[in-house]
Amino acid sequence: MNNKKNNKGPATLLLVACFILVLLISGIPSVRRVNKNSCKPISGQVLDVSQSAPGFVIHLKDDPRIYYIKPASLPTASLTSLGQQLQGQSVQLFTASAWSPLDPFSSMKEIRRLEIGSHIIFSEY
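Residues numbered from 1 in each chain as written. Predicted model: local features only at pLDDT ≥ 70, side-chain atom pairs only at ≥ 80, totals over all residues. Heavy atoms only, no water.

Draft legend 1. Local environment of the nonpolar core. Core analysis: the biggest nonpolar cluster contains 18 residues, and Ile58, Leu60, Ile69, Leu86, Val91, Ile111 and Leu114 have the highest contact counts within it. Only β1 (39–52), β2 (55–60), β3 (66–69), α2 (79–86), β4 (90–96), β5 (108–116) and β6 (119–123) provide two or more residues apiece to this core. The residues contacting Leu114, other than those within four sequence positions of it, are Ile58, Ile69, Leu86, Val91, Gln92, Leu93, His119, Ile120, Ile121 and Phe122. (Core = buried A, V, L, I, M, F, W, Y, C linked by side-chain atoms within 4.5 Å. Buried < 20%, exposed > 50% of the residue type's maximum accessible area, 1.4 Å probe, protein only. Helix = DSSP H or I, 4+ residues; strand = E, 2+ residues; numbered from the N terminus. Contact = heavy atoms within 4.5 Å.)

What follows is the structure in structure tokens.
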């Protein structure tokens, strides 16, 4: 009889657990200071401004991604005032250019700076 134990099961579980841990850690947003060099500019025309779970959500014409501003970043803004100010306007958004395994296709982007022409509406830097 062969009394050798099979060690492949626990080793495989340990490898999978390490892989999941690495993915989770890489998905945690960095706390680095945001600046213009670490952000990617995106231009477009605002189609819709709404409010949902992540905050103020902005949809751009011909762009399937969701752009949002956390409510804590704009504590005095209301959905009505922001919508009136942005609706139909050509804007330039600056979003953090970081990839996350929790959003592999980068379909949701947090806005770090929002400009209409040379007028800055919102900025974290």
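Draft legend 2. Inspection of the side chain of Glu110 at higher detail. Among the secondary structure elements, Glu110 is positioned in strand β5. Relative accessible area serves as the criterion here: at 12%, Glu110 is assigned to the buried category. Beyond its immediate sequence surroundings of up to four residues, Glu110 is in contact with Tyr68, Lys70, Phe94, Thr95, Ala96 and Glu124.

Draft legend 3. Main features of the confidence of the model for the protein chain. Looking at the protein chain as a whole, the pLDDT averages 85, with 90% of positions reaching at least 70. Of all the helices and strands in the protein chain, helix α1 (residues 8–26) carries the lowest mean pLDDT, 85, while β2 carries the highest, 94. (pLDDT = per-residue confidence, 0-100.)

Draft legend 4. Highlighting the pairing of β1. In this structure, β1 lies alongside β4, joined through seven bridges in antiparallel fashion. Looking at the pairing, Lys40 lines up with Thr95 of β4. With six bridges connecting them, β1 and β2 associate as antiparallel partners. Across the sheet, the residue bridging to Val46 is Leu60, located in β2. (Pairing = 2+ DSSP bridges.)

Draft legend 5. The environment of Cys39, seen in detail. Here Cys39 lies in strand β1. Taking the C-alpha atoms as reference points, Cys39 and Ser97, 58 residues apart in sequence, are found 5.4 Å from one another. If we skip the residues at most four places from it in the chain, Cys39 touches Val34, Phe94, Thr95, Ala96, Arg112 and Tyr125.

Draft legend 6. Examining a nonpolar patch on the surface more closely. Side chains of Val16, Phe19, Ile20, Leu23, Leu24 and Leu102 sit close together on the surface and give an oily, nonpolar patch of about 590 Å² of accessible area. For Leu23, the position within the fold is in helix α1. (Patch = residues over 30% accessible without salt bridge, like charges linked within 9 Å, V, L, I, M, F, W, Y side chains within 5 Å. Areas by Shrake-Rupley, 256 points an atom, 1.4 Å probe, with all protein chains shown as cover. Salt bridge = Lys/Arg side-chain N within 4 Å of Asp/Glu carboxyl O.)

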